[in-house]
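Inside the fold
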Amino acid sequence: MTELFDALGLTEAVTGGPLAVHSPIDGARIASVAVTDPADMPAVIARAQAAFRLWREVPAPRRGELVRLLGEELRAAKADLGALVTLEAGKIASEGLGEVQEMIDICDFAVGLSRQLYGLTIASERPGHRMMETWQPMGPCAVISAFNFPVAVWAWNAALALVCGDPVIWKPSEKTPLTAMASMRILNRALARFGDAPEGLVQLVVGGPQIGEALVTSADVPIVSATGSTRMGRIVGPKVAERFGRAILELGGNNAMIVAPSADLDMAVRAIVFSAVGTAGQRCTTLRRLIVHHSIRDELMGRLLRAYASLPVGDPRAPGTLVGPLIDEGSRSRMLAALDRARAEGGEVHGGAPVEGVPGGAYIRPAIVLMPAQTGVVREETFAPILYVMGYDTLDQAIAMQNDVPQGLSSCIFTLNLREAEAFLSAAGSDCGIANVNIGPSGAEIGGAFGGEKDTGGGRESGSDAWRGYMRRQTNTVNWSASLPLAQGVRFDF
Ligand code: NAD
């Protein structure tokens, strides 16, 4: 651990502060770090505003150069930062590395984007006039992130915000400040190579909701990108709206897979197991509901139970482990309580027993629960590896069940039937932000826009045109004629 902290330049910063950081691997305290004083928040925001005034005038492709350098530094630090993600968030080694790769990928994407912040030209109804749309930098962007993607979510936002001309103030989860501090050191190396970026362009603030609140309520922070629970979004969203700020909300999911009679079950089983138990069920896109045609339900259940029985649960650093610990004991208690509730609502629970793993960590066997219907507990997101299985008769019924939950993040169907696949993707199909065919609901690539509807908050981040969320759209009309005609034929002669 000491070597890892040294390699990431954290040695000085990990002792003496009031915020204790525990590793979910064994519950041990691995650091105690400084927190931001709420009284300092106005100065932090003022620094970001000052940085904005300079950064917005730097040409976007030059801004992209900073993000290119960040991508290079992340490549060099990938092994160490990935290992720290494992230590602090409990992800298995390959998922820790995957998270850093996602940061690198979004940097590459944003570098290209820095030369593609396109606007439209629009035909004017008036002679000698030209209309166009210009995308301008917006101002400081707050990034409030969750524990389960402790660094990738920051990179999704920061890479885009920086090329769009916006400074960034990052408030990571209070459960994972170390990976954030390490990412800032990596960014600082890129800033040093870049040379002339304004001071305060990217700032880190550490602490709980109170620190986030200062960003949420400040009119000098026009964009608040907040990732976390729907409970958090219900507090943050209205506060940002009250001051007419822009919120990008990435909240809880309750993701489903429909398995149709024609599905390739070998593929479906692989997809189900990865998306239901990967990251120990702690992804926003984790598969939580399996809606299976009655004709194949028993066969699929049998195969899943066999696969679940052999899943290696334990130390996420050990080669071969597929399911690491939950983030903390509270999370394990919530999973056990949800399983009790599922039993009370008629569920047949398989798995879900606590496991020793590494002493001190919250290890548990993933659970599969056969449910008689989509009851109350199934409609809630329990952030743990519980997969509820329900049967269906007609595709319409399956799609109705898929949509009949408050959340709307990710969804998928396994079918070899073209009509079923297209119906699922149609206007009357899945109501989620992400809808896939013959691939699980989790493990998104950065090229697409990421986010979901309803209680998931409606935000979009990452690829496609999500960059527009970080810019201000300006409509320009230029009159190059010698007269001043009014639109809609209005006369105003004097
Ligand atoms: P959480 O809501 O407890 O915390 C998330 C962040 O919000 C933390 O940084 C926290 O300090 C901050 N926060 C909490 N209350 C706040 C307030 N009142 N004002 C300002 N900031 C506040 O979530 P968590 O337990 O860290 O993460 C798990 C949740 O995140 C799950 O529901 C998961 O589905 C969701 N999530 C969603 C996405 C997505 O892209 N949709 C991605 C990752 C995680």
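Residues numbered from 1 in each chain as written. Predicted model: local features only at pLDDT ≥ 70, side-chain atom pairs only at ≥ 80, totals over all residues. Heavy atoms only, no water.

1. Here's the deal with the packing of aromatic side chains
The following threshold applies: What counts as a ring pair is set by centres within 6.5 Å for rings of Phe, Tyr and Trp (its six-membered ring), and what kind of pair is set by the plane angle: stacked under 30 degrees, edge-to-face over 60, tilted for all other angles. Helix and strand labels come from DSSP, where a helix needs a run of H or I of at least four residues and a strand needs a run of E of at least two; each type is numbered from the N terminus. Think of it in three bands: with a 1.4 Å probe and only protein chains considered, a residue is buried below 20% of the maximum accessible area for its type, exposed above 50%, and partly exposed in between. Consider the ring centre and the ring normal. A charge sits over the ring if Lys NZ or Arg CZ is within 6 Å of that centre and within 35 degrees of that normal.
Taken as a whole and judged by the stated rule, the model has six aromatic pairs. Measuring from centroid to centroid gives 5.8 Å for Trp55 and Phe194, while their planes differ by 65°, and the two rings are edge-to-face. Of this pair, Trp55 sits in helix H2 (residues 41-55) while Phe194 sits in helix H6 (residues 177-194); the two residues are 139 residues apart in sequence, bridging distant segments of the chain. Take Phe194: its relative accessible area is 6%, and that puts it in the buried class. Arg56 extends its terminal NZ or CZ atom over the ring of Phe52, reaching a point 5.2 Å from the ring centre. If you follow Arg62 out to its NZ or CZ, it ends over the ring of Phe194, 3.8 Å from the centre.

2. Some points on the packing of helix H12 (residues 395-403) against helix H13 (residues 418-425)
The criterion, for reference: Interaxial angle, 0 to 180 degrees, is taken between N-to-C directions of lines fitted to C-alpha atoms, where a helix line uses only the stretch in contact. An angle below 35 degrees is treated as roughly parallel, one above 145 as roughly antiparallel, one from 65 to 115 as roughly perpendicular, and anything else as oblique. Helix crossings get a hand from a simple test, with the near helix turned counterclockwise from the far one by less than a right angle marking a left-handed crossing and a clockwise turn marking a right-handed one. The contact definition used throughout considers only heavy atoms, calling two residues in contact when any of these lie within 4.5 Å.
Running from N to C, H12 and H13 point in directions that differ by 30°, and their axes come no closer than 11 Å. By the angle class used here, H12 and H13 are roughly parallel. Every pair of crossing elements has a handedness; the one defined by H12 and H13 is right-handed. Residues Leu395, Ile399 and Gln402 of H12 touch H13, and the partners they reach there are Glu420, Ala423 and Phe424.

3. Topic: the UniProt feature "domain: Aldehyde dehydrogenase" (unreviewed entry) in the protein
For clarity, the threshold we go by: UniProt positions are given in the numbering used here, feature names are shortened, and annotations may be inferred rather than shown by experiment.
Summarizing the sequence annotation, UniProt attributes the feature "domain: Aldehyde dehydrogenase" (unreviewed entry) to residues 19-475 in the numbering used throughout. For residues 19-475, the helix share is 40%, the strand share is 21%, and the end-to-end C-alpha distance is 47 Å.

4. Regarding the side chain of Thr286
Operational definition: Polar contacts, as used here, are pairs of N or O atoms within 3.5 Å; protein pairs need one atom able to donate a hydrogen and one able to accept it. Residues neighboring in sequence count only if both atoms are side-chain atoms.
For Thr286, the position within the fold is in the loop between helix H9 (265-277) and strand S11 (287-293). Under the relative-accessibility criterion, Thr286 is labelled buried at 0%. A distance of 3.4 Å separates the side chain of Thr286 from the backbone oxygen of Gly281, its partner in a polar contact. Not counting residues within four places of it along the chain, the set of residues in contact with Thr286 comprises Asn255, Ser275, Ala276, Gly278, Gly281 and Ser442.

5. Some words on the pattern of salt bridges
To keep it simple, the criterion reads: Salt bridges are defined by distance alone: a side-chain nitrogen of Lys or Arg within 4 Å of a carboxyl oxygen of Asp or Glu.
In total, this model carries 26 salt bridges according to the counting rule given. Across the pair Arg189 and Glu73 runs a salt bridge whose closest N-O atoms are separated by 3.4 Å. A residue pair is termed long-range when its members are at least 10 positions apart, and Arg189 in helix H6 and Glu73 in helix H3 (residues 60-89) qualify at 116 residues. One salt bridge in this structure joins Arg332 and Glu329, with 3.0 Å as the shortest N-O distance. With Arg332 and Glu329 both in helix H11 (residues 329-344) and three residues apart, this pair spans about one turn of that helix. When salt bridges with common partners are traced through the structure, they connect Glu65, Arg68, Glu72, Glu73, Arg189 and Arg193 into a single cluster.

6. Digging into the site of the ligand
Under the convention used in this document: Note on definitions. A residue lies near a molecule or strand when any single heavy atom of the residue is within 4 Å of it. Areas reported here follow the Shrake-Rupley algorithm with a probe of radius 1.4 Å; residue values treat only the protein chains shown as occluding. Amino acid classes used here: Ala, Val, Leu, Ile, Met, Phe, Trp, Tyr, Cys and Pro are nonpolar; Asp, Glu, Lys and Arg are charged; the rest, including Gly, are polar. Domain start and end points were adopted from an automatic or database domain assignment.
Contacts to the ligand come from 28 residues, most closely from Ser145, Glu174, Ser229, Leu251 and Glu381. For the ligand, an oxygen atom lies 2.6 Å from a polar atom in the side chain of Ser229. For the ligand, an oxygen atom lies 2.6 Å from a polar atom in the side chain of Glu381. Burial of the ligand by the protein amounts to 91% of the accessible area it has alone, namely 860 Å². Put simply, the parts of the chain that give the shell around the ligand at least two residues each are helix H7 (209-217) and helix H8 (230-242). Among the elements that line the shell around the ligand, the one with the most residues is H8, at four residues. Its residues assigned to classes, the shell around the ligand comprises 13 nonpolar, nine polar and six charged. Composition of the shell around the ligand by domain shows at least three residues from each of domain 1 (1-251 + 457-476) and domain 2 (255-437).

7. Some thoughts on the packing of H7 against H8
A packed helix pair is summarised by two numbers, namely the angle formed by the two axes and the spacing between the axes. Across the interface, H7 lies against H8 with an axial gap of 8 Å and an inter-helix angle of 30°. Classified by the interaxial angle, the pair formed by H7 and H8 is roughly parallel. Contact residues: H7 offers Glu213, Val216 and Thr217, while H8 offers Val236, Lys239 and Val240. Per-class residue counts for the contact of H7 with H8 are three nonpolar, one polar and two charged.

8. Notes on the environment of Ile144
Mapped onto the elements of the fold, Ile144 is located in strand S5 (residues 141-144). Note: C-alpha distance between Ile144 and Val33 (111 residues apart in sequence) is 18 Å.

9. Some remarks on the UniProt feature "active site" (unreviewed entry) in the protein
When the UniProt feature table is mapped onto this chain, "active site" (unreviewed entry) is found at Glu250. By the element assignment, Glu250 lies in strand S9 (residues 246-250). Apart from residues lying up to four places away in sequence, Glu250 is in contact with Ala226, Thr227, Gly228, Phe450, Gly451, Thr456, Gly459, Arg460 and Glu461.

10. Details of the pairing of strand S2 (residues 29-33)
For clarity, the threshold we go by: Here, any two strands with at least 2 DSSP bridges between them count as paired.
Within S2, four of the five residues are buried, which leaves it mostly tucked inside the rest of the structure. Pairing analysis gives four bridges linking strand S1 (residues 19-22) to S2, with the strands arranged antiparallel. Looking across to S2, one finds that Leu19 is bridged to Val33. Taking the residues between adjacent antiparallel strands as the criterion, S1 and S2 are bridged by six residues, where Gly27 takes a positive phi near 75°.

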